[in-house]
Amino acid sequence: MTAAPREAVVILDFGSQYSQLIARRVRELEVYCELIPYNAPAAEITRLNPLGFILSGGPASVYAKDAPHLPDFVLTAQRPILGICYGMQLLAYHLGGQVDPGQEREYGPAEITLADLDSPLFAPLSRSRPTLSVWMSHGDRVTRLPAGFHSLAQSENSPHAAIGDPARGLYGLQFHPEVTHTPQGKELLRAFLYRVCGCQGGWTPGNFIEESINQVQAQVGARKVVCGLSGGVDSSVTAALLHRAIGSQLTCIFVNNGLLRKNEPEQVAQTFEKEMHARLVAVDATEDFLSALAGVTDPEAKRKIIGEKFIRIFEAEARQLGQVDFLAQGTLYPDVIESASRSQQIVAAKIKTHHNVGGLPEDMPFELVEPLRYLFKDEVRAVGEALGLPRQMVWRHPFPGPGLAVRVLGEVTWERLETLRAADAILIEELHASGWYEQTAQAFAVLLPVQSVGVMGDYRTYADVIALRAVTTDDFMTADWARLPADLLARLSNRIVNEVPGVNRVVYDISSKPPATIEWE
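Here goes a summary of the coordinates provided.

Rules of the game
- Residues numbered from 1 in each chain as written.
- Predicted model: local features only at pLDDT ≥ 70, side-chain atom pairs only at ≥ 80, totals over all residues.
- Heavy atoms only, no water.
- Helix = DSSP H or I, 4+ residues; strand = E, 2+ residues; numbered from the N terminus.
- Rg over C-alpha atoms; globule rule 2.2 N^0.38 Å.
- Buried < 20%, exposed > 50% of the residue type's maximum accessible area, 1.4 Å probe, protein only.
- Contact = heavy atoms within 4.5 Å.
- Areas by Shrake-Rupley, 256 points an atom, 1.4 Å probe, with all protein chains shown as cover.
- Lys, Arg positive; Asp, Glu negative; His and termini not counted.
- Charge placed at Lys NZ, Arg CZ, Asp CG, Glu CD.
- Expected span 1.5 Å × (residues − 1).
- Core = buried A, V, L, I, M, F, W, Y, C linked by side-chain atoms within 4.5 Å.
- Pairing = 2+ DSSP bridges.
- Phe/Tyr/Trp six-rings, centres within 6.5 Å; stacked < 30°, edge-to-face > 60°.
- Lys NZ or Arg CZ within 6 Å of the ring centre and 35° of its normal.
- Axes fitted to C-alpha atoms, helices over the stretch in contact; angles between N-to-C directions.
- Left-handed = near helix turned anticlockwise from the far one by under 90°.
- Nonpolar A, V, L, I, M, F, W, Y, C, P; charged D, E, K, R; others polar.

Examining the overall build of the chain
Thinking step 1. In terms of regular secondary structure, the chain is built from 16 helices and 18 strands.
Thinking step 2. Here the C-alpha atoms of the chain give a radius of gyration of 25 Å, agreeing with the 24 Å that 2.2 N^0.38 yields for 521 residues.
Thinking step 3. In terms of its C-alpha atoms, the chain occupies a principal-axis envelope of roughly 75 × 65 × 40 Å.
Thinking step 4. Counting every position in the chain, which comprises 521 residues, the buried fraction comes to 57%.
Thinking step 5. Sequence-distant contacts, at least 24 apart, represent 75% of the contacts inside the chain between residues at least 6 apart.
Thinking step 6. Accessible area of the chain: about 21600 Å², with a carbon and sulfur share of 50%.
Thinking step 7. Distance between charge centroids for the chain: 1 Å, based on 47 positive and 61 negative side chains.

Here it is, written out as structure tokens:
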């Protein structure tokens with residue numbers, strides 16, 4: 001649990017697919033926020049002393065028996081509230097209004113007509129356009145307003161597309177301002193944060209460093225910390241931040257588990273030991289990991305095995321360092337959200353266990369230090385640059401905690417890892433050469449657990465299939481497949497088939513997230 005920043009806004013999550021986007025937009029407006037389940041303990045929310053609340057959308061109907069409801073303390077806190085979609089209906093319902101099923105559902109683009117151009121939400125927008133293009137996604141609608149509210153906008157199907165009680169700073173939007181399909185949505189959020197809540201702004205990943213250093217120093221004191229260093233962006237920024245905060249109290253432990261990319265162990269040692277002068281312990285545990293993974297094909301089992309094996313190695317190395325109380329990890333906010341179990345966050349479905357947050361053994365002897373736990377990937381990169389890390393490291397594509405084990409689909413063997421390593425290296429080399437590496441957010445190869453028939457020379461082959469994956473994204477919560485040029489894809493296929501033994505077919509993944517995830521496992 002983090003200490004409260006200078007100012008904050010709390011987003012209560014009622015299960016909307018767009019909840020994380022609300023947090024992204026608020027952060028982009030330089031106001032710190034946290035996305036917290038609506039049913040979290042009051043203390044978890046009030047610790048932030050929020051200047052206002054945003055209520056997310058959600059799939060439920062407020063009048064349903066088992067619908068999520070608004071915690072009483074949110075209303076009694078007498079802070080400004082912005083309800084979005086379900087959040088607006090919930091706010092109206094709890095204050096004495098009425099919500100009913102709509103005669104027609106509204107999904108997708110819509111036009112709303114503004115009824116109050118002097119409202120704090122809409123006044124900053126152009127007076128010359130009394131209509132706004134917005135994105136709707138709802139079946140219910142508010143049919144009677146609570147006392148003190150008046151309608152701010154209407155659509156064809158929603159008599160109250162936006163509502164407000166300026167005296168109490170309570171507002172509701174039936175549409176979603178957080179999505180890009182509402183072009184002026186970000187300005188509406190800005191108006192709520194600055195004009196209604198009175199935020200001063202100025203929260204950036206750069207000044208996050210000072211706050212985080214103070215928090216780490218307060219948590220750790222004079223005790224020792226080990227950091228699981230993989231060489232990826234997240235663990236590298238974590239290590240650099242901790243090195244600045246606690247200096248020689250930090251020991252970075254780099255475990256070569258045999259699941260890394262080509263030449264990665266050498267690159268990690270060069271950066272952290274020789275350039276940053278950080279205390280680094282390198283362990284080659286390739287055989288241990290491969291033995292533990294032998295015969296295992298289930299991706300969740302792989303993650304748990306790798307997570308536990310890491311911790312056991314850390315324990316052994318830490319014992320040689322004397323008393324060590326903390327393990328530092330590069331856990332990010334999307335990791336936390338996607339890994340939420342039912343007991344942690346009822347409204348979020350568990351997609352997969354992230355190595356950083358879900359694959360650790362329960363009897364782990366360390367207390368966790370996770371300074372990046374509430375940051376998105378682009379914010380982490382900004383922190384890394386502010387810390388002075390090399391640009392090529394900061395902007396390196398993400399790499400999963402379990403490494404190539406979740407990109408080798410099926411059983412993990414040394415031979416299959418070598419096949420994948422070679423194909424992945426060709427992909428990255430060609431992306432750099434063509435200028436596409438910087439235009440993609442993440443790109444990698446996957447070794448499929450199937451073989452296909454091919455012809456090489458005059459011989460029939462039955463060999464492995466490599467899938468290539470490249471995506472574009474701002475926040476890794478949603479992603480689209482990268483439109484790599486056909487000639488680049490042809491060159492990649494030709495090189496991989498000719499240069500990687502045992503591969504006779506290359507395919508390209510054109511799935512978006514959602515419905516797919518970025519990684520295959």
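Focus on helix 15 (residues 414-434)
Thinking step 1. Helix length check: helix 15 (21 residues) gives 30 Å between terminal C-alpha atoms against 30 Å at 1.5 Å per residue, within 8%.
Thinking step 2. Taken residue by residue, helix 15 has Arg416, Leu417, Thr419, Leu420, Arg421, Ala423, Asp424, Ile426, Leu427, Ile428, Glu430 and Leu431 as its buried positions.
Thinking step 3. Residues of helix 15 that are buried make contact with helix 9 (286-293), strand 15 (442-456), strand 16 (459-472), helix 16 (486-499) and strand 18 (503-508).
Thinking step 4. Directly after helix 15, the chain includes glycine 435, whose backbone phi takes a positive value near 85 degrees.

Observations concerning the nonpolar core
Thinking step 1. Ranked by internal contacts, the top residues of the largest apolar core, which has 154 residues, are Leu121, Phe122 and Ile466.
Thinking step 2. Ranked by residue count, the leading element in this core is helix 7 (residues 233-246), at 8 residues.
Thinking step 3. Residues Leu409, Phe444, Leu448 and Phe476 belong to the second largest nonpolar core, which totals 11 residues.

Topic: the pairing of strand 4 (residues 81-84)
Thinking step 1. Burial along strand 4 is two-sided: the residues Ile81 and Gly83 and Leu82 and Ile84 are all buried.
Thinking step 2. Both strand 3 (residues 52-55) and strand 4 contribute to a ladder of 3 bridges, which runs parallel. Paired with isoleucine 54 across the bridge in strand 4 is leucine 82.

Brief notes about the packing of aromatic side chains
Thinking step 1. Scanning the model with the defined rule gives 5 aromatic pairs in all.
Thinking step 2. Among the aromatic side chains, those forming a connected cluster through ring pairs are Phe14, Tyr38 and Tyr86.
Thinking step 3. If you follow arginine 421 out to its NZ or CZ, it ends over the ring of tryptophan 414, 4.9 Å from the centre.
Thinking step 4. Sitting over the ring of tryptophan 481, arginine 483 keeps its end group 3.8 Å from the ring centre.

Comments concerning unusual backbone geometry
Thinking step 1. Residue proline 514 is bonded to the preceding lysine 513 through a cis peptide linkage, with omega at -10 degrees.
Thinking step 2. Within the secondary structure, proline 514 sits in the segment after strand 18.
Thinking step 3. One non-glycine residue with positive phi stands out, namely cysteine 85, at about 60 degrees.
Thinking step 4. As for its placement among the helices and strands, cysteine 85 is situated in the loop between strand 4 and helix 4 (86-94).

Some thoughts on the pairing of strand 11 (residues 250-256)
On any regular strand, side chains alternate: one points to one face of the sheet, the next to the other face.
Thinking step 1. Most of strand 11 sits out of view: 7 of its 7 residues are buried.
Thinking step 2. Both faces of strand 11 are covered, namely the face carrying Leu250, Cys252, Phe254 and Asn256 and the face carrying Thr251, Ile253 and Val255.
Thinking step 3. Summarising the sheet, strand 10 (residues 225-229) and strand 11 pair through 5 bridges and their orientation is parallel. Residue glycine 228 lies in a different strand from strand 11, and its bridge partner there is isoleucine 253.
Thinking step 4. Where strand 11 lies against strand 12 (residues 280-284), 5 bridges are found, and the strand directions are parallel. Bridge pairing links asparagine 256 to aspartate 284 in strand 12.

Side note on the environment of glutamine 174
Thinking step 1. With respect to the helices and strands, the residue glutamine 174 is situated in the loop between strand 9 (170-173) and helix 5 (185-196).
Thinking step 2. With a relative accessible area of 0%, glutamine 174 lands in the buried category.
Thinking step 3. In this structure the C-alpha to C-alpha distance between glutamine 174 and glutamine 89, which are 85 residues apart in sequence, comes to 7.8 Å.
Thinking step 4. Ignoring anything within four residues of it in the chain, the contact list for glutamine 174 reads Cys85, Met88, Gln89, Met136, His138, Asp140, Arg141, Val142, Ser158, His160 and Ala161.

Describing the packing of helix 15 against helix 16
Thinking step 1. At a closest axis distance of 10 Å, the pairing of helix 15 and helix 16 adopts a crossing angle of 145 degrees. The hand of the helix 15/helix 16 crossing is right-handed. Contact residues: Ala423, Ile426, Leu427, Glu429, Glu430, Leu431 and Ser434 in helix 15; Leu488, Arg491, Leu492, Arg495, Ile496 and Glu499 in helix 16.
Thinking step 2. A class-by-class count of the residues in the contact of helix 15 with helix 16 yields 7 nonpolar, 1 polar and 5 charged.

Considering the sheet that holds strand 12
Thinking step 1. The parallel open sheet is built from 5 strands, whose spatial order is 12-11-10-13-14. Of all the strands in the sheet, the pair left with one neighbour each is strand 12 and strand 14 (367-369). Within this sheet the neighbouring strands show an average axis-to-axis angle of 30 degrees, counted without direction.
Thinking step 2. The sheet contact formed by strand 13 (residues 326-328) and strand 14 spans 3 bridges and is parallel. Its bridge partner being in strand 14, leucine 327 is matched across the sheet by leucine 368.
Thinking step 3. Seen against the sheet, helix 7 touches strand 10, strand 11, strand 13 and strand 14 and runs at an angle of roughly 155 degrees to strand 10.

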